[in-house]
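# Tertiary structure, described
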Amino acid sequence: MKLKWIMGLAITASAAAALYFIIKLNLEFAILFMLIMFTFTNTARTFMYRNQGLLREAKWMLWMALFFGIASLGTLAYILLV
């Protein structure tokens, strides 16, 4: 139960940060926080599917979470270097 609350707060915080940067028209950081939000949501779905016994779907969501995590790191590197 505690993990659900932590993941929910992380998803909410990253979505709020993305919305803030969209309003401020800072699209690089908005994209970064949207990618982070996608990483958190896919990670949460991985745990949910695994607990339900849907291993194929859990594996798919894990790979999606890894993809968005790597994309987040790439976007962060782009922001810092440019």
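Anyway, here's the lowdown on the structure attached to this text. (Residues numbered from 1 in each chain as written. Predicted model: local features only at pLDDT ≥ 70, side-chain atom pairs only at ≥ 80, totals over all residues. Heavy atoms only, no water.)

Here the focus is the environment of Leu62. Within the element layout of this structure, Leu62 appears in helix H3 (residues 55–81). Separated by 52 residues in the primary sequence, Leu62 and Ala10 have C-alpha atoms spaced 17 Å apart. (Helix = DSSP H or I, 4+ residues; strand = E, 2+ residues; numbered from the N terminus.)

Let us look at a nonpolar patch on the surface. Residues Leu73, Leu76, Tyr78, Leu80, Leu81 and Val82 make up a contiguous nonpolar surface patch of about 720 Å² in total accessible area. With respect to the helices, strands and loops of the structure, Leu76 is situated in helix H3. (Patch = residues over 30% accessible without salt bridge, like charges linked within 9 Å, V, L, I, M, F, W, Y side chains within 5 Å. Areas by Shrake-Rupley, 256 points an atom, 1.4 Å probe, with all protein chains shown as cover. Salt bridge = Lys/Arg side-chain N within 4 Å of Asp/Glu carboxyl O.)

Here we take up the packing of helix H2 (residues 27–52) against H3. Relative to each other, H2 and H3 sit at 160°, their axes nearing to 8 Å. With respect to H3, the element H2 is oriented roughly antiparallel. The two elements H2 and H3 meet at a crossing, and its hand is left-handed. Counted by class, the contact of H2 with H3 contains 17 nonpolar, seven polar and four charged residues. (Axes fitted to C-alpha atoms, helices over the stretch in contact; angles between N-to-C directions. Parallel < 35°, antiparallel > 145°, perpendicular 65-115°, else oblique. Left-handed = near helix turned anticlockwise from the far one by under 90°. Nonpolar A, V, L, I, M, F, W, Y, C, P; charged D, E, K, R; others polar.)

Let us now look at H2. In this model, H2 (26 residues) spans 37 Å end to end at C-alpha, consistent with the 38 Å of a helix rising 1.5 Å per residue. Taken together, the buried residues of H2 touch helix H1 (2–23) and H3. (Expected span 1.5 Å × (residues − 1). Contact = heavy atoms within 4.5 Å.)

Over its 22 residues, H1 extends 32 Å from the first C-alpha to the last, a length consistent with the 32 Å expected when each residue adds 1.5 Å. Listed in full, the buried residues belonging to H1 are Met7, Ala10, Ser14, Ala17, Ala18 and Phe21. Down the axis, H1 shows its buried residues gathered within 100° of arc, on one side only. More than 90 degrees from the buried face of H1, the exposed residues found are Lys2, Lys4, Trp5, Leu9, Thr12 and Ile23. On its buried face, H1 is in contact with H2. Backbone geometry just after H1 places Leu25 at a positive phi near 60°. (Buried < 20%, exposed > 50% of the residue type's maximum accessible area, 1.4 Å probe, protein only. Arc of directions from axis to C-beta.)

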